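Here's the letter readout for the chains.
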Amino acid sequence: MGRNCAFIRLGGCNLSCRWCDTPYTWDWKGVSDTAIAFDPRKELHRMTARKIIAEVRSKGVDLLVVSGGEPLSQQHRIIPLIAELRSTGMSVEIETNGTIVPHDRLIGLGVRFNVSPKLAFAGDTIGRRIVPQALERLNGTAGVAFKFVCRTVSHLDEVAELQASHRLREIWITPEGRTVKDLDRHFPGLADEVTRRGWNLSHRLHMLAWGEKRGV
């Protein structure tokens, strides 16, 4: 959080979280809490790997973060892109919901996975949002972190169950909120219990800085 980096956001997701803060990447039917049916023809733009690499390099940073949507849905397409950037010494982090097993070649490139399994209040069935094989494979990768979005202390009990069931390593908790008002309401109630459990506490720094404004 707070580190200068280049950011690639991919479209499409295999989940449908009610509170998703980026529904414009996947919600073409208006099923999220925004109730807005976004148009993929306006929201998604095809780009070649060559163009993306050139734009990332032009930023003059040493870290690339790949997010979504769900990036691992397109992992075979992004492997060549990541391979070239890694060959120049750039660090790469991939944000994933933890439902898709990463390809061995992608792991071999030395990327870091920031895994955000979804809890029951996200709305999807447990069979869709928790995939043991994927969590096991991701849990064995170097530097992996597991980030859970929570609203209340009761959600932390669900995190604890998942941690125990799948022996998850580094745990981070971040408050749910698409607005600064929501973050201010949820964050203080989580802080004491998160630290008591020995987990890590995070925030949505970009929301504090820019609010609900979308980047370009």
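Residues numbered from 1 in each chain as written. Predicted model: local features only at pLDDT ≥ 70, side-chain atom pairs only at ≥ 80, totals over all residues. Heavy atoms only, no water.

1. Topic: the pattern of salt bridges
For the record, the criterion: Salt bridge, as used here, is a side-chain nitrogen of Lys or Arg placed within 4 Å of a carboxyl oxygen of Asp or Glu. Comment: elements are numbered from the N terminus, with helices defined as DSSP H or I runs of at least four residues and strands as E runs of at least two. Only protein chains enter the calculation, and the probe is 1.4 Å; a residue is then buried if its accessible area is under 20% of its type maximum, exposed if over 50%, and partly exposed in between.
Considering all chains together, one arrives at 13 salt bridges under this definition. Salt-bridge contacts for Asp104 lead to Arg137; the nearest nitrogen and oxygen are separated by 3.0 Å. Here Asp104 is found in helix α4 (residues 104-108), whereas its partner Arg137 is found in helix α6 (residues 132-139), with 33 residues between them in sequence. The class for Asp104 is exposed, based on a relative accessible area of 53%. The closest approach of N and O atoms between Arg151 and Glu176, which form a salt bridge, is 2.8 Å. In this pair, Arg151 is assigned in the loop between β5 (145-150) and α7 (153-166) and Glu176 in the loop between β6 (171-175) and α8 (180-196), connecting sequence segments 25 residues apart. Given a relative accessible area of 6%, Glu176 falls into the buried group. The network of salt bridges with common partners includes Asp157, Glu193, Arg196 and Arg197.

2. What to know about the nonpolar core
Quick note on the threshold: Only buried Ala, Val, Leu, Ile, Met, Phe, Trp, Tyr and Cys residues count toward a nonpolar core, and they belong to the same one when joined by side-chain atoms within 4.5 Å. Should any heavy atoms of two residues lie within 4.5 Å, those residues are counted as being in contact.
Formed by 48 residues in total, the largest nonpolar core has its most connected members in Leu64, Ile82, Ile94, Leu106, Phe113, Phe148 and Ile173. What Ile94 contacts, discounting residues up to four positions off in sequence, is Val66, Pro71, Leu72, Ile78, Ile82, Leu106, Val111, Arg112, Phe113 and Asn114.

3. Points about the pairing of β6
Condition: One requirement defines pairing of two strands: DSSP has to find at least two bridges between them. Orient the strands so they point away from the viewer, and a crossover whose first-strand-to-second-strand path over the helix runs clockwise is right-handed.
With respect to burial, β6 is a largely interior element, four of its five residues being buried. In terms of strand pairing, β5 meets β6 through five bridges, oriented parallel. Pairing of Lys147 across the sheet is with Trp172, part of β6. Handedness of the β-α-β unit built from β5, α7 and β6 comes out right-handed. Pairing analysis gives two bridges linking β6 to strand β7 (residues 200-201), with the strands arranged parallel. In the sheet register, Trp172 faces β7, and the bridge partner there is Asn200. One crossover worth recording links β6 to the parallel β7 by way of α8, and it is right-handed.

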